[in-house]
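Single-letter residue listing:
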There are 2 protein chains.
Amino acid sequence: MPLPEVVLASASPRRCELLATIGVDARVRPADVDESALNGETPTGLVERLARAKAVAVQAQLASASPGSPSPERRDAEAGPLVIAADTVVVLDGEVLGKPADAAESRAFIERLAGRSHLVLTGHCLRRGAAEATRVERTTVTFRQLDDDDVAAYVASAEGADKAGAYAIQGRGAGLVERIEGCYSNVVGLSLPTVIALARSLGVRLG
Amino acid sequence: MPLPEVVLASASPRRCELLATIGVDARVRPADVDESALNGETPTGLVERLARAKAVAVQAQLASASPGSPSPERRDAEAGPLVIAADTVVVLDGEVLGKPADAAESRAFIERLAGRSHLVLTGHCLRRGAAEATRVERTTVTFRQLDDDDVAAYVASAEGADKAGAYAIQGRGAGLVERIEGCYSNVVGLSLPTVIALARSLGVRLG
């Protein structure tokens with residue numbers, strides 16, 4: 001089967017690089033979605049809802065950018081681009097750690113994560129036409145013990161400033177993480193085996 | 001304390017990149033060591049012995065490259081460069097899978113690894129002067145189920161041709177690996193938290 005165009009509904013360069021690793025050259029199309037949690041929403045419910053919202057928003061953007069609906073024959077033969085969306089959060093003691101507001105919050109997050117395990121949840125949503133496949137993937141991440149100098153040096157690097165939980169496992173943060181249990185790319189922001197499996201369930205072979 | 005020069009006793013660009021990730025700019029100095037196993041040697045014994053042999057060989061190279069022994073005072077104050085060596089093997093059913101001989105063996109390895117878990121062992125040896133620190137780190141890696149097309153596409157990429165077990169987790173192989181248990185960088189070829197801990201036991205603060 002021919003590979004449809006792949007559109008990544010995310011502004012994250014990390015997610016785009018992950019897809020490139022397995023040979024998928026995705027068009028990047030950030031989705032403008034309010035990422036705040038709803039009252040009483042679980043972390044799993046949150047990332048699933050946001051991933052779906054991003055995928056739907058980008059499908060709508062693409063539709064409005066190319067008006068004129070395809071003929072029924074074309075709609076059958078060609079369901080349009082495969083849209084891939086994801087949303088990642090860090091969960092510690094049941095609390096979602098989002099992107100830190102400033103260096104002080106980065107420091108507070110890293111101090112809390114040190115010497116312990118936390119969960120990284122990524123919600124995935126793939127859509128092609130009206131077909132949809134979703135999955136939330138969980139990875140447990142364990143930080144090594146950190147002393148004050150470790151924390152100060154990491155926060156000063158500022159690499160975690162724009163990342164959930166205030167760290168990047170694929171950067172200098174690799175030196176903070178002692179072990180993981182689960183999918184590694186899920187911690188970076190997109191589980192590659194999950195994306196491959198969901199795409200196949202929609203009839204698209206990636207990777 | 002001032003950071004000594006760091007010498008990586010390995011020709012692997014992957015190990016050098018891992019060290020660069022945590023801000024360590026290592027001089028690369030490949031060690032010429034016979035990597036074959038001894039009779040009755042366990043995989044753990046093998047990687048520990050080879051890592052030590054690489055570190056010792058590179059220390060000897062460096063000493064012969066700069067003849068004239070330092071004064072006793074200088075020897076106290078300056079123990080010379082920190083040498084980092086590592087050796088990685090893939091173990092399946094107690095059998096060591098080394099680098100594949102050819103594409104046929106690559107295919108055979110990937111077929112055997114598919115849908116199952118295996119162990120990746122990396123022996124680490126750090127030496128500075130006469131001081132030494134070693135550790136063997138174990139990570140469990142689980143491949144997803146692969147069909148014939150998956151195996152053929154991966155072998156055709158040839159990225160595993162020069163790698164233990166015939167795959168690279170940091171490349172296209174990321175799409176083959178469903179989950180890991182343990183340290184991720186250990187699978188790439190050098191466990192960063194292990195190197196940081198061993199270096200600290202020798203009085204050197206990396207990362």
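Whatever comes next refers back to the structure up there.
Remember, it's a predicted structure, so these values are computed and weren't measured experimentally.

Visitor: Describe in detail the interface of chain B and chain A, supporting the description with residues and values.
Guide: Between chain B and chain A, the contact holds 25 residues from the first and 25 residues from the second. Approximately 2,100 Å² of surface area, both sides summed, lies buried where chain B meets chain A, with 52% of it carried by carbon and sulfur atoms. Where chain B meets chain A, there are eight salt bridges. Among the ionic pairs, Arg 205 of chain A bridges to Asp 147 of chain B, the shortest N-O distance being 2.7 Å. At the junction of chain B with chain A, the criterion picks out eight residue pairs in polar contact (both at pLDDT 80 or more). The set of elements that each furnish at least two residues to the side of chain B that touches chain A consists of α5 (148-157), β7 (177-182) and α7 (192-201) of chain B. Residue contributions to the side of chain B that touches chain A peak at six residues, all from β7 of chain B.

Visitor: Give me the lowdown on the packing of aromatic side chains, citing residues and values where you can.
Guide: Within this structure, the stated rule accounts for three aromatic pairs over all chains. Note on Tyr 184 of chain A and Tyr 184 of chain B: the rings are 3.3 Å apart at their centroids and 0° apart in plane angle, and the pair reads as stacked. Placement of the pair is Tyr 184 of chain A in helix α6 (residues 184-188) and Tyr 184 of chain B in helix α6 (residues 184-188), with the two residues belonging to separate chains. Of the two residues, Tyr 184 of chain A and Tyr 184 of chain B, both sit in the buried class. When the centroid spacing of 4.9 Å and the interplanar angle of 80° are considered together, the rings of Phe 143 of chain B and Tyr 167 of chain B count as edge-to-face. Highlighted residues: Phe 143 of chain B in strand β6 (residues 131-143) and Tyr 167 of chain B in the loop between α5 and β7, separated in sequence by 24 residues. For Tyr 167 of chain B, a relative accessible area of 4% puts it in the buried group.

Visitor: Now, about unusual backbone geometry: what can you tell me, with residues and values included?
Guide: Not every positive phi belongs to a glycine, and Ala 158 of chain A is a case in point at roughly 65°. Relative to the elements of secondary structure, Ala 158 of chain A occurs in the loop between α5 (148-157) and β7 (177-182). The residue Ala 166 of chain B is not glycine, and still its phi comes out positive at about 70°.

Visitor: Account for the nonpolar core, with residues named and values stated.
Guide: If you look at soluble globular proteins, the nonpolar side chains tend to sit buried side by side. One finds Ile 84 and Tyr 167 of chain A together with Ile 84 and Tyr 167 of chain B to be the most contacted residues of the largest nonpolar core, which totals 94 residues. Excluding residues that lie within four positions of it along the chain, Ile 84 of chain A makes contacts with Val 6, Val 7, Leu 8, Ala 9, Leu 19, Cys 125, Leu 126, Leu 190, Val 195 and Leu 206 of chain A.

Visitor: Requested: an account of the packing of helix α4 (residues 103-113) of chain A against α5 of chain A, with residues and values cited.
Guide: Residue and element names in this part refer to chain A. At their nearest, the axes of α4 and α5 sit 10 Å apart, and the two run at 135° to each other. Classified by the angle their axes make, α4 and α5 are oblique. Between α4 and α5 the crossing geometry is right-handed. Mapping the contact onto sequence places Ala 103, Ser 106, Arg 107, Ile 110 and Glu 111 in α4 and Val 151, Ala 152, Tyr 154 and Val 155 in α5. Of the residues assigned to the contact of α4 with α5, the class counts are six nonpolar, one polar and two charged.

Visitor: Please set out the relation of the copies chain B and chain A residue by residue, giving values where relevant.
Guide: Superposition of the two copies of the chain requires a rotation about an axis and a shift along the axis. Of the transformation superimposing chain B on chain A, the axial component is 0.0 Å and the angular component is 180°, with the fit at an RMSD of 0.0 Å. A rotation of that kind, with that shift, is consistent with a two-fold axis. Rotation axis and chain B: the residue whose C-alpha lies nearest the axis is Glu 181 of chain B, separated from it by 2.2 Å. Taken together, the interface assignments show that 100% of the residues at the interface of chain B recur at the interface of chain A, consistent with an identical surface on both copies.

Visitor: I'd like to hear about the pairing of strand β6 (residues 131-143) of chain A, residue by residue, with values.
Guide: Residues and elements named next belong to chain A. In the sheet, strand β5 (residues 117-128) pairs with β6 via 12 bridges, with the strands oriented antiparallel. In the sheet register, Val 120 faces β6, and the bridge partner there is Thr 139. Joining the antiparallel neighbours β5 and β6 is a turn of two residues, in which Gly 129 adopts a positive phi near 60°.

Rules of the game
Residues numbered from 1 in each chain as written. Chains lettered and ligands numbered in written order. Predicted model: local features only at pLDDT ≥ 70, side-chain atom pairs only at ≥ 80, totals over all residues. Heavy atoms only, no water. Contact = heavy atoms within 4.5 Å. Buried area = accessible area lost by both parts, 1.4 Å probe. Salt bridge = Lys/Arg side-chain N within 4 Å of Asp/Glu carboxyl O. Polar contact = N/O pair within 3.5 Å; in protein donor to acceptor, adjacent residues only side chain to side chain. Helix = DSSP H or I, 4+ residues; strand = E, 2+ residues; numbered from the N terminus. Phe/Tyr/Trp six-rings, centres within 6.5 Å; stacked < 30°, edge-to-face > 60°. Buried < 20%, exposed > 50% of the residue type's maximum accessible area, 1.4 Å probe, protein only. Core = buried A, V, L, I, M, F, W, Y, C linked by side-chain atoms within 4.5 Å. Axes fitted to C-alpha atoms, helices over the stretch in contact; angles between N-to-C directions. Parallel < 35°, antiparallel > 145°, perpendicular 65-115°, else oblique. Left-handed = near helix turned anticlockwise from the far one by under 90°. Nonpolar A, V, L, I, M, F, W, Y, C, P; charged D, E, K, R; others polar. Least-squares fit on C-alpha atoms with pLDDT ≥ 70 in both. Pairing = 2+ DSSP bridges.

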